[in-house]
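If you want the building blocks of each chain, they are given just below.
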Amino acid sequence: MKGQRGKTPRKKFAFTGTSVIEPVEVYCRIKPADDSNNVCLKSVGDNQVQLMIPADGYRNAQPREFLYTFQQVFDETSTQKDIFDVVSLPLVEDLIAGRNTLLFTYGVTGSGKTYTMTGTPVDQGILPRCLDVVFNTIEHHQAKKYVFEPNNQNGFRVQSEADAMAKLQADIMPCPSVVPKTPKKDKCEFLKNPRLRDKSKVEGVSNQFLYSVFVSYVEVYNNAVYDLLEELTSDPIIGYKAQQTKTIREDSSKMMYIHECKEVEVKNPDEAFHVIYQGQNRRRVARTALNESSSRSHSVFNIRIVQGPVDQSGEEVMHVGIDGVEANSICVGQLSLVDLAGSERTVRTKNMGEQLREASNINNTLMTLRNCIDILRENQKFGSSRIVPYRDSKLTHLFKSYLEGDGKIRMVVCVNPAANEVGETLHVMKFAEITQEVTIQRIEGRFQEVPETPNGRLYPNLEEEFRSDTGSDCTSSSRSTTVPVPLYDLGPQFPNMELVHPSDDSTLKELHRFLGIRLEKRQRCVEVARQKCDDFRSLLLKVEKENSYLPVLEKEVFNLRRENTNLKQDNLNINKELKELQQELRAINSKLRSSERQLQEKNSLIREARDEKCQLKSDYETRIQQNEQKFRQQEYDRQKLEYKCRTYLQEKDRKLNILKNLVNEHSSESSTSTTPSVTPKPARKLRTFTTPAPYTAPRPDPAPRKPVTRLAAARSLHNLDQVSSSSSKKDPAPPPPPPNPRHRRSKSSSAAETWLEHKSQDHEELGTLFQPKLKKKRSVTKLTEKDTKEGNVLPTATGGCTMVFNEVEMVRRGNPGNGKKRHSPPNQHTRPGSDWTDTDVRCGYAIDGHKRPKPSQI
Ligand SMILES: Nc1ncnc2c1ncn2[C@@H]1O[C@H](COP(=O)(O)OP(=O)(O)OP(=O)(O)O)[C@@H](O)[C@H]1O
């Protein structure tokens, strides 16, 4: 069988890279309804869906119906197998033919996308079925493991069999790694349960090629790409490190790929499933109000099939550039199976916190996908050249090469017919309908250009060497012939030398010559073989000799291993100590931080208290200053008042002195004329009211006064009065004299000589001894100008009036005696009818005016 394949005439490589324009094919799958009486969607025929919007079902709209047409509609009764056969089987065929294809599921959360893509062990979805079919198809056409090796630039290179074997060896016996690998979770449901394999096969596999299958699994979570197959590295101190995000790049053929994404070569479906479920265990899912296990990320599972032409033996892949193979002879086809996370309305999913952020990222990515499709459609339909925002999200960036026209795109729209999801379903349907209008320019399978492997072939071309040694014909033309030349060729075939006659010497001679050549060739071959054997023997001897050192080397290796183990143990101990120390350090640091925090708080309290104190101090200082200023002002006012009072008293004293002098003078005059029978009492102290003089600085006391004459005194009094009146004129508001609570009376200047008795309004009864008996008497409570012409009426502070008289009455009290009628001594000045005739000169100013009482009246 294998030898037969090697003899198969080499096929001309038919990958020409021609392109076909195809629309995006959209299929619709309706999930079985929970409540069949409450649905908003139903299939109509094989390829139509009717969406019924009930009244108030969506944005208070009127009841309406929409009809959407798709490539095919799968109703509730459709099985996973039905969907796979229609949607995915052609894509597997394309994959094996070396074409790129993209299949994604789209829909609202909980509509059955993951179910359609992955399914359950007993009812498998698209992804496991695709793998089954791939391996069913290429089963006997697989290349040896590690012959194709990813070159980290989205391409592959062919490795020599020796390299592949070395890698396989390493794979079988892995070196013990110091770094523990990703912790294994429980075996997934699929691996625990026996699964039902899909038995289908597709056409298109060729005997001239050997195939290898590579799978990779990534997720786009919160708009970042993560490799689900990447081993998590661990640190002895911090534990497992966080997963690194991956970048999206473009390869030389403008195909988008994930840089440094782990690609695993799988040789059978079981290996592939192991990889899938390793990734699925890492995939982010969470429970939401609408789905028990809702995908929180968009997952992309890539199946890549690499195919290279077989060599002459029919067992190995030909090496580029060495076996006369053209550079573009390796073909890579890719099938991307994408399970999108569902669009979500937070009102319905009731997501909170991290899930809310995830939902927002999911919705943003889906929105970007819709935008890209929409703009692409517009550009294609109306010839516009709007920029398609592929880079707005990682998912569309990854899809760019498909959408730009490198492959086939199929979409399965999953819908939940429940009436309460009518709003979201309407959006999904609209998007699905628009997507069908986008066309993709599909390039037929083409071979990938790969550079020559860096190692090339490890072993020299023994055949060539042998031929050159034996002198065989080894020109390139002979190598390129379809009939292989045997290695131990002893020359051309025997010619037809049939001996027809015993005397036919010429034939015998010819035969002799041929046999001689053959013998010679044989001899040379034997020599070469012997030489090779000798070489080989010497090589063996050399190896044996080297092997003799092996025990020593083994011992050394053993010692080194032991040392290594001890070192590892030490290292572990040190790490343990380090961990403890770090924990202590963390505790100390946290304590330190809390102490610092406390210190800061206390410092801030002290600062606040100090500020408050300063504020209080400054307030008090300000208040003290204000008080001091007030006090100074009061002191100044007090001094001013004191000075005023003193001036006033001095003035009063001076006036009193004047009056006293006047009185003394008068008494001395009268004593010189008559000796009084009664010792006159000292003159009653008259109260005077003057307007205070304006404030001036205090002056020293005047010189001792000379005795004044009556006339001089009167003049001075008169002058004083004038001064006071003039000063009162100067001062616009003289203070009113203090109220005199005593009873007053005055004599009218009229001819009737009526006495006016001034009574206070509160009728204060004085009960004085000196109540004269007046014949004509009138009592008034308020003086008016017309009552008297002898003085001026001035208002008092209490609202009453004060009379300032022009005349002064001198009152003397005689001794009441012992019941005798008192006779007043004859007075020079009290002449009848001429009483107080000299009042003008005797006194100009008095407060109380009393008519000089007659002795008889006292
Ligand atoms: N056609 C179907 N037949 C039977 N069960 C289904 C079908 N479609 C979906 N389901 C069930 O509905 C539930 C939700 O489906 P699934 O997880 O596939 O939704 P989803 O669209 O992937 O949601 P999300 O976007 O949140 O990940 C699952 O329990 C699944 O088994």
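Residues numbered from 1 in each chain as written. Predicted model: local features only at pLDDT ≥ 70, side-chain atom pairs only at ≥ 80, totals over all residues. Heavy atoms only, no water.

On to the overall build of the protein chain, then. What the protein chain contains, in helices and strands, is 17 helices and 29 strands. Buried residues in the protein chain amount to 37% of all 858 residues. Excluding contacts between residues fewer than 6 apart, the proportion of contacts in the protein chain whose partners are at least 24 apart in sequence is 72%. As presented, the protein chain carries roughly 52100 Å² of accessible surface, and 53% of it is formed by carbon and sulfur atoms. (Helix = DSSP H or I, 4+ residues; strand = E, 2+ residues; numbered from the N terminus. Buried < 20%, exposed > 50% of the residue type's maximum accessible area, 1.4 Å probe, protein only. Contact = heavy atoms within 4.5 Å. Areas by Shrake-Rupley, 256 points an atom, 1.4 Å probe, with all protein chains shown as cover.)

The N-to-C vectors of helix H2 (residues 80-96) and helix H4 (residues 126-138) enclose an angle of 50°; their axes lie 9 Å apart at closest approach. As far as their axial angle goes, H4 and H2 are oblique. Crossing hand, H2 versus H4: right-handed. From H2, Gln80, Lys81, Ile83, Phe84, Ser88, Leu89, Val92, Leu95 and Ile96 reach across to H4, where they touch Ile126, Arg129, Cys130, Val133, Val134, Thr137 and Ile138. Residues of the contact of H2 with H4, tallied by class, amount to 11 nonpolar, 3 polar and 2 charged. (Axes fitted to C-alpha atoms, helices over the stretch in contact; angles between N-to-C directions. Parallel < 35°, antiparallel > 145°, perpendicular 65-115°, else oblique. Left-handed = near helix turned anticlockwise from the far one by under 90°. Nonpolar A, V, L, I, M, F, W, Y, C, P; charged D, E, K, R; others polar.)

So, on to the nonpolar core. It is characteristic of soluble globular proteins that their nonpolar side chains tend to be buried jointly. Membership of the largest hydrophobic core comes to 55 residues, with the highest contact counts inside it found for Phe70, Phe104, Tyr106 and Met429. Examining the composition of this core, we find that 7 residues originate from one element, helix H9 (residues 353-382), more than from any other. Residues contacting Met429, with those up to four places away along its chain left out, are Cys28, Leu41, Val49, Tyr68, Phe70, Val413 and Val415. Judged by nonpolar contacts, the second largest core, of 41 residues, contains Tyr27, Val213, Val266 and Ile276. (Core = buried A, V, L, I, M, F, W, Y, C linked by side-chain atoms within 4.5 Å.)

What follows covers the site of the ligand. Taken together, 16 residues lie near the ligand, and Thr109, Lys113, Thr114, Ser294 and Ser295 sit nearest. Here Lys113 contributes a side-chain N or O atom positioned 2.8 Å from an oxygen atom of the ligand. Contact with the protein chains covers 76% of the free accessible surface of the ligand, which is 630 Å². Mapped by element, the contributors of at least two residues to the shell around the ligand are helix H3 (113-117) and strand E19 (294-295). (Near = heavy atom within 4 Å. Polar contact = N/O pair within 3.5 Å; in protein donor to acceptor, adjacent residues only side chain to side chain.)

What follows is about the pairing of strand E11 (residues 224-227). Residues Ala224 and Tyr226 point to one face of E11 and Val225 and Asp227 to the other, with burial holding for every one of them. Judged from the 4 bridges that link them, strand E10 (residues 209-221) and E11 form a sheet pairing that is antiparallel. Pairing of Val218 across the sheet is with Asp227, part of E11. Where E10 hands over to E11, the hairpin turn is made up of 2 residues, of which Asn222 adopts a positive phi near 50°. (Pairing = 2+ DSSP bridges.)

Turning our eyes to something else, we now look at the pairing of strand E2 (residues 25-30). Burial runs high along E2: 6 of the 6 residues are buried. With burial as the criterion, each face of E2 is covered, one bearing Glu25, Tyr27 and Arg29 and the other bearing Val26, Cys28 and Ile30. When E2 meets strand E22 (residues 408-415), the two strands line up parallel, connected through 6 bridges. The partner of Glu25 across the bridge, within E22, is Arg410. Relative to strand E6 (residues 72-74), E2 is paired through 3 bridges, and the arrangement is parallel.

This part is about the UniProt feature "binding site: ATP" (unreviewed entry) in the protein chain. Mapped onto the present numbering, the UniProt feature "binding site: ATP" (unreviewed entry) falls on Gly107, Val108, Thr109, Gly110, Ser111, Gly112, Lys113 and Thr114. Within the element layout of this structure, Gly107 appears in strand E7 (residues 100-107). If near-sequence neighbours (up to four positions away) are discounted, Gly107 is found in contact with Lys113, Gly342, Ser343, Cys414 and Val428. Mapped onto the elements, Ser111 comes out in the loop between E7 and H3. When residues no more than four places from it in sequence are discounted, the contact partners of Ser111 are Lys31, Cys414, Val415 and Asn416. (UniProt positions renumbered as here; feature names shortened; annotations may be inferred.)

There is a patch of nonpolar side chains on the surface, built from Phe536, Leu539, Leu540 and Val543 and spanning about 360 Å² of accessible area. Looking at the secondary structure, you find Leu539 in helix H14 (residues 505-548). (Patch = residues over 30% accessible without salt bridge, like charges linked within 9 Å, V, L, I, M, F, W, Y side chains within 5 Å. Salt bridge = Lys/Arg side-chain N within 4 Å of Asp/Glu carboxyl O.)

What follows covers empty space enclosed by the protein. Tallied over the full model, the rule gives 9 cavities of 30 Å³ or more. Roughly 60 Å³ of volume is contained in the second largest cavity. Residue lining of the second largest cavity: Ala143, Lys144, Val147, Gln159, Ser160, Glu161, Leu210, Glu315, Glu316, Val317 and His319, and that is the complete set. Classifying every residue of the lining of the second largest cavity gives 4 nonpolar, 3 polar and 4 charged. (1 Å grid on protein atoms, 1.4 Å probe; cavity = no way out; pocket = protein on both sides within 12 Å on 5 of 7 lines; lining within 4 Å. Points joined across faces, edges and corners; volume = space filled by probe spheres on them.)

Considering the arrangement of structural elements, one finds His141 in the loop between H4 and strand E8 (148-150). Those residues in contact with His141, other than ones at most four positions away along the chain, are Val205, Ser206, Asn207, Phe209, Leu210 and Tyr211.

What follows covers unusual backbone geometry. Within the chain, Tyr146 stands out as a residue other than glycine whose phi angle is a positive 70°. Take Tyr146: it is sitting in the loop between H4 and E8. Of the residues examined, Tyr146 reaches a relative accessible area of 14% and is grouped as buried.

What follows is about the side chain of Ser212. Along the chain, Ser212 turns up in strand E10. Exposure remark for Ser212: the relative accessible area of 0% places this residue in the buried category. Within the structure, Ser212 has its side chain in polar contact with the side chain of Lys267 (distance 3.4 Å). The contacts of Ser212, once residues within four sequence positions are left out, are Ala143, Lys144, Phe148, Glu265, Lys267, Arg304, Ile305 and Val306.

Our focus in this paragraph is the sheet that holds strand E4 (residues 48-53). The antiparallel open sheet is built from 3 strands, whose spatial order is E3-E4-E5. In this open sheet, the two edge strands, each paired with only one partner strand, are strand E3 (41-44) and strand E5 (64-69). Along the sheet, successive strands turn relative to each other by an average axial angle of 25°, direction set aside. As defined by bridge partners, E4 adjoins E5 across 6 bridges and the pair is classed as antiparallel. The residue bridging Val49 from the neighbouring strand is Tyr68, located in E5.

Taking 1.5 Å per residue as the helical rise, H14 with its 44 residues ought to reach 64 Å, and the 62 Å between its terminal C-alpha atoms agrees with that figure. Within H14, the full set of buried residues consists of Thr507, Phe514, Arg518, Cys525 and Val528. (Expected span 1.5 Å × (residues − 1).)

On the surface, Arg607, Arg610, Lys613 and Lys617 cluster together into a patch of positive charge. Tracing the chain through its elements places Lys613 in helix H15 (residues 550-673). Looking at Lys613, the relative accessible area reads 62%, which means it is exposed. (Lys, Arg positive; Asp, Glu negative; His and termini not counted. Charge placed at Lys NZ, Arg CZ, Asp CG, Glu CD.)

One pass over the structure, following the stated rule, counts 24 salt bridges. A salt bridge links Asp374 to Arg377, with the nearest nitrogen and oxygen atoms 3.4 Å apart. Taken together, the positions of Asp374 and Arg377, both in helix H9 and 3 residues apart, correspond to about one turn of that helix. Accessibility expressed as a relative area gives 28% for Asp374, which makes it partly exposed. With relative accessibility at 15%, the residue Arg377 sits in the buried group. Counted as one network, the salt bridges with shared partners bring together Lys81, Asp85, Arg129 and Asp198.

Where H4 meets helix H7 (residues 269-282), the closest approach of the two axes is 10 Å, and the angle between their N-to-C directions is 155°. Relative to H7, the element H4 lies roughly antiparallel. You can see that H4 and H7 cross each other, and the crossing is right-handed. Judged by residue contacts, Leu127, Pro128, Leu131, Asp132 and Phe135 of H4 engage Pro269, Ala272, Phe273, Ile276 and Tyr277 from H7. Residues of the contact of H4 with H7, tallied by class, amount to 9 nonpolar, no polar and 1 charged.

Turning next to the packing of aromatic side chains. Overall, the coordinates contain 8 aromatic pairs when judged by the stated rule. Both rings, one in Phe104 and one in Phe399, keep their centres 5.8 Å apart while their planes meet at 35°; by these two values the pair is tilted. Pair noted here: Phe104 is in strand E7 and Phe399 is in helix H10 (residues 394-403), with a separation of 295 residues, a long-range link. Per residue, the accessibility class of Phe104 equals that of Phe399, and both read buried. Here the guanidinium or amino end of Arg513 rests over the ring plane of Phe514, the centre of that ring lying 5.4 Å away. (Phe/Tyr/Trp six-rings, centres within 6.5 Å; stacked < 30°, edge-to-face > 60°. Lys NZ or Arg CZ within 6 Å of the ring centre and 35° of its normal.)

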